[in-house]
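# Structural overview for review
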Amino acid sequence: MTEPLVVLKGVNKHFGDLHVLQDINLSIGKGEVVVVIGPSGSGKSTLCRTINRLETFETGSITIDGVPLPEEGKELAKLRADVGMVFQSFNLFAHKTILDNVTLGPIKARKIPRAEAEKRAMELLERVGVAHQAEKFPAQLSGGQQQRVAIARSLAMDPKVMLFDEPTSALDPEMITEVLDVMVALAKEGMTMVVVTHEMGFARKAANRVVFMADGQIVEENTPEGFFTAPKSDRAKDFLGKILTH
Amino acid sequence: MGNGLTISTLLSAFGSTVLLAALSAIGALVLGTVVAVLRVSPVRVLQLLGTWYVNVFRNTPLTLLMVSSILGATFILGINLDPTSIKGNAFRWAVVMLSVYHGAFVCEALRSGVNTIPDGQAEAARSMGLTFGQSMQHVLLPQAFRGAIAPLGSVLIALIKNTTVAAVIGVSEAANLMQVTIENEGSGLSIFLVFALGFVILTLPLGLWLTSLSRRLAVKR
C-alpha cells in the first residue's frame with residue numbers, strides 16, 4: 001500500500017445503546033479506492049460520515065494526512081474543505097443555481113476570486129456532462145444529473161480524499177451508470193476514494209480493496225475479485241448469497 | 001383643536017403609524033434573525049440565551065413593555081432616548097419595545113423556516129468546509145427566509161396593528177388621534193370606521209402581496 005492518507009485507529013461510537021462502530025481500524029492509502037459494503041445497519045454509512053466528523057465518535061483517533069480530526073470550529077472547517085463528500089440524496093443547495101452550487105465552497109472557504117472559481121466550475125461541469133445546465137436550479141435536473149453536479153461541487157475544492165455515501169442508492173436504474181462512469185474515471189485518475197455502495201460492478205472495475213462490515217465491525221478486507229468470488233467469513237458468504245441470487 | 005377630524009391630521013397620524021411600523025419592522029427583523037441564529041447555533045449557552053429571550057418577550061404584554069419604557073426606563077433608570085423632547089423619547093422607546101417584542105415572533109417564524117430545510121443542506125455546507133457563520137449566511141438563512149415569508153408576513157401585520165399600543169405612552173399615531181377625537185367630539189360609529197378603514201388599507205394589500213411573494217419565492221425541492 002502507498003503512504004496512508006486516512007487512518008482510523010480503534011474508533012468506537014454508540015447511538016444510545018447501539019454500538020454502531022466497534023473498534024474500527026482502517027488505513028486508506030493515497031490514490032487508493034476502498035469500497036465499503038455490508039448489510040443495512042452495519043455502520044458503513046456512519047463510518048463514512050465519521051471520517052469528516054459529520055458524526056462524532058467516542059474513543060479512538062482519525063487522522064487525515066497525518067493531522068488528527070479537530071473538534072468543532074474553524075480548524076475542523078479547514079480540514080473538511082480537504083475532504084469531499086457526496087451524499088445519497090445529493091444535497092445540492094436548493095436556492096442556488098448549479099454554477100453557484102459549485103463555486104460557493106471555493107469562493108467562501110478557499111477565498112478564490114469569483115471569475116477564477118467560475119472558470120474552474122465550468123470545466124468541472126463540462127467534465128461531468130452538465131455544463132449546459134449551469135444556470136438551472138437543482139430541482140430542474142434529473143437525479144443522475146444532480147449527483148454528477150454534487151461530484152463536481154466536491155471536486156471544485158480539490159479534495160485530498162472523497163467520500164461517497166451510497167451515491168447511487170436514490171437513483172433510478174437508468175441513471176446509475178452515468179454517475180458510476182464519472183466515479184470510475186475519477187478512480188482511474190488517482191483520486192483517493194472511500195465509497196459506500198452495493199454496486200459490485202463498480203467495485204470490480206475501480207476498487208483496490210473491499211471492506212465488508214457487519215454489526216459495527218469490519219469483518220473482512222480483500223481485493224474485489226477475492227471478496228466476490230471467495231469470501232472468507234460466513235457473514236460475507238451469507239450477505240453475498242442474498243444479494244447475488246437475483 | 002375641537003374642529004373635528006381633518007384629512008391632514010388624519011394623514012399625519014397614519015404617517016406616524018407607518019413610520020413607527022417601518023422602523024420597528026426593521027428592528028424586529030434584525031433582532032429576530034440574531035436570536036434565531038442563537039437558537040440554532042451549536043453552542044448550548046447561546047441556545048439558552050435565545051430561548052430565554054423568546055420566552056420572556058413573547059409572554060409579556062406589549063402594553064406593559066410600553067408603560068415600563070417610560071415609567072421604568074425613562075423616569076426611574078433615567079434612560080432618555082431623546083432629551084430634547086418628551087414626544088421624541090416616547091416615539092423612540094415605542095420603536096425599541098415594538099422591535100424587542102416582535103423580534104421574539106420573528107425568531108420563531110424564522111426557526112420554523114429553518115425547520116423546513118432538509119438536514120442534508122447543512123451537512124453539505126459543513127462538509128465542504130464552510131464555517132457555522134458561512135453556512136448560516138449562504139445556505140440556511142436564505143432558504144429559511146423564503147420558507148418563512150408567510151409567517152413573517154403575519155408578524156408584520158400584527159406589528160402594524162400593535163403600533164396602536166404606543167398611544168398609551170403618548171406617541172401621536174393613529175390610535176392616539178382617535179382617542180383625542182373621541183374626547184373632543186364624542187364617540188361616533190363613523191370615527192371608529194374611519195380608523196378601522198385606515199388599518200385595513202395599510203394591512204390588506206400587504207397581506208395579499210406577501211402571500212403571492214411566498215408562492216413565487218418558495219424554494220423548489
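Analysis parameters
Residues numbered from 1 in each chain as written. Chains lettered and ligands numbered in written order. Predicted model: local features only at pLDDT ≥ 70, side-chain atom pairs only at ≥ 80, totals over all residues. Heavy atoms only, no water. Contact = heavy atoms within 4.5 Å. Buried area = accessible area lost by both parts, 1.4 Å probe. Salt bridge = Lys/Arg side-chain N within 4 Å of Asp/Glu carboxyl O. Polar contact = N/O pair within 3.5 Å; in protein donor to acceptor, adjacent residues only side chain to side chain. Helix = DSSP H or I, 4+ residues; strand = E, 2+ residues; numbered from the N terminus. Nonpolar A, V, L, I, M, F, W, Y, C, P; charged D, E, K, R; others polar. Patch = residues over 30% accessible without salt bridge, like charges linked within 9 Å, V, L, I, M, F, W, Y side chains within 5 Å. Areas by Shrake-Rupley, 256 points an atom, 1.4 Å probe, with all protein chains shown as cover. Buried < 20%, exposed > 50% of the residue type's maximum accessible area, 1.4 Å probe, protein only. 1 Å grid on protein atoms, 1.4 Å probe; cavity = no way out; pocket = protein on both sides within 12 Å on 5 of 7 lines; lining within 4 Å. Points joined across faces, edges and corners; volume = space filled by probe spheres on them. Pairing = 2+ DSSP bridges. Axes fitted to C-alpha atoms, helices over the stretch in contact; angles between N-to-C directions. UniProt positions renumbered as here; feature names shortened; annotations may be inferred. Core = buried A, V, L, I, M, F, W, Y, C linked by side-chain atoms within 4.5 Å.

## Remarks on the interface of chain B and chain A
At the interface, 20 residues of chain B touch 26 residues of chain A. Considering only the side of chain B, the residues that lose the most area to chain A are Ser127, Met128 and His138 of chain B, jointly responsible for 31% of the buried surface there. At the junction of chain B with chain A, the criterion picks out 1 salt bridge. Residues Arg49 of chain A and Glu123 of chain B are paired through a salt bridge, measuring 2.7 Å at the closest nitrogen-oxygen approach. On inspection of chain B and its partner chain A, the count reaches 7 residue pairs in polar contact (both at pLDDT 80 or more). Of all the secondary structure elements, the ones that give two or more residues to the side of chain B that touches chain A are helix H5 (119-127) and helix H6 (132-147) of chain B. Ranked by residues supplied to the side of chain B that touches chain A, first place goes to H5 of chain B with 7 residues. Its residues assigned to classes, the side of chain B that touches chain A shows 7 nonpolar, 8 polar and 5 charged.

## Focus on a nonpolar patch on the surface
All names here are of chain B. A contiguous nonpolar surface patch, about 710 Å² in accessible area, is contributed by Val67, Leu71, Phe75, Ile76, Leu77, Ile79 and Val168. For Leu71, the position within the fold is in helix H3 (residues 62-76). Residue Leu71 is classed as partly exposed on the basis of its relative accessible area, which comes to 47%.

## Here's the deal with the environment of Ser45 of chain A
All names here are of chain A. For Ser45, the position within the fold is in helix H1 (residues 44-51). Judged by its relative accessible area of 21%, Ser45 is partly exposed. Spatially, the C-alpha atom of Ser45 lies 30 Å from that of Ala131, the residues being 86 residues apart in sequence. Beyond its immediate sequence surroundings of up to four residues, Ser45 is in contact with Asp165, Glu166 and Val196. In this structure the side chain of Ser45 is engaged in a polar contact, spanning 2.6 Å, whose partner is the side chain of Asp165.

## Description of H5 of chain B
Taken together, the buried positions of H5 of chain B are Gly120, Gln121, Glu123, Ala124, Ala125 and Ser127 of chain B. In the core, the buried residues of H5 of chain B are packed alongside H1, helix H2 (74-81), strand E6 (83-86) and helix H5 (143-155) of chain A together with H6 of chain B. Positive backbone phi, at 95 degrees, marks Gly129 of chain B, one or two positions downstream of H5 of chain B.

## Some points on empty space enclosed by the protein
Counted according to the given criterion, the structure contains 1 cavity of 30 Å³ or more. For the largest cavity, the calculated volume is near 90 Å³. Along the walls of the largest cavity sit 14 residues, with Gly84, Met85 and Ser154 of chain A together with Ser127 and Met128 of chain B positioned nearest its centre. When contributions to the lining of the largest cavity are tallied by element, the ones reaching two or more residues are H2, E6 and H5 of chain A together with H5 of chain B. Residue composition of the lining of the largest cavity, by class: 9 nonpolar, 3 polar and 2 charged.

## A look at the sheet that holds E6 of chain A
Residues and elements named next belong to chain A. Spatial strand order, E6-E7-E8-E3-E9-E10: 6 strands in an open sheet with mixed pairing. Each having just a single partner strand, E6 and strand E10 (217-222) make up the two edges of the open sheet. Between one strand axis and the next, the sheet turns by 20 degrees as a mean value, whatever way the strands run. Where strand E3 (residues 33-37) lies against strand E8 (residues 192-196), 4 bridges are found, and the strand directions are parallel. Directly across from Val36, in E8, lies its bridge partner Val196. Strands E3, E6, strand E7 (161-165), E8 and strand E9 (209-214) of the sheet are contacted by H1, whose axis makes an angle of about 150 degrees with E7.

## Examining the UniProt feature "domain: ABC transmembrane type-1" (unreviewed entry) in chain B
Here, UniProt's "domain: ABC transmembrane type-1" (unreviewed entry) annotation points to residues 14-210 of chain B. Taken as a whole, residues 14-210 of chain B contains 81% helix and 0% strand, while its terminal C-alpha atoms sit 21 Å from one another.

## What about the sheet that holds strand E4 (residues 59-64) of chain A?
Residue and element names in this part refer to chain A. Strand order in this open sheet of 4 strands is E2-E1-E4-E5, and the pairing throughout is antiparallel. Of all strands in the sheet, those bounded by a partner on one side alone are strand E2 (18-29) and strand E5 (67-68). In this structure, strand E1 (residues 4-15) lies alongside E2, joined through 8 bridges in antiparallel fashion. Looking across to E2, one finds that Val6 is bridged to Ile28. Against the sheet, H1 makes contact with E1, E2 and E4, and its axis sits at roughly 60 degrees relative to E2, the strand it touches most.

## Some words on the UniProt feature "transmembrane region" (unreviewed entry) in chain B
Here the UniProt feature "transmembrane region" (unreviewed entry) sits at residues 12-38, 59-79, 91-110, 144-169 and 189-211 of chain B. Summarising residues 59-79 of chain B: 71% helix, 0% strand, and an end-to-end C-alpha distance of 24 Å.

## A closer look at the side chain of Thr203 of chain B
Residues and elements named next belong to chain B. Relative to the helices and strands, Thr203 resides in helix H9 (residues 189-216). Take Thr203: its relative accessible area is 12%, and that puts it in the buried class. A polar contact is formed between the side chain of Thr203 and the backbone oxygen of Phe199, at a distance of 2.8 Å. Beyond its immediate chain neighbours, meaning those up to four positions away, Thr203 contacts Ile157, Ile160 and Lys161.

## Some remarks on the nonpolar core
With 85 residues, the main nonpolar core has Leu8 of chain A together with Met66 of chain B as its most contacted residues. Residues in contact with Met66 of chain B, not counting those within four places in the same chain, are Ala94, Met97, Leu98, Val165, Ala166, Val168 and Ile169 of chain B. Formed by 51 residues, the second largest nonpolar core is a distinct cluster that contains Ala134, Val179, Val195 and Phe202 of chain A.

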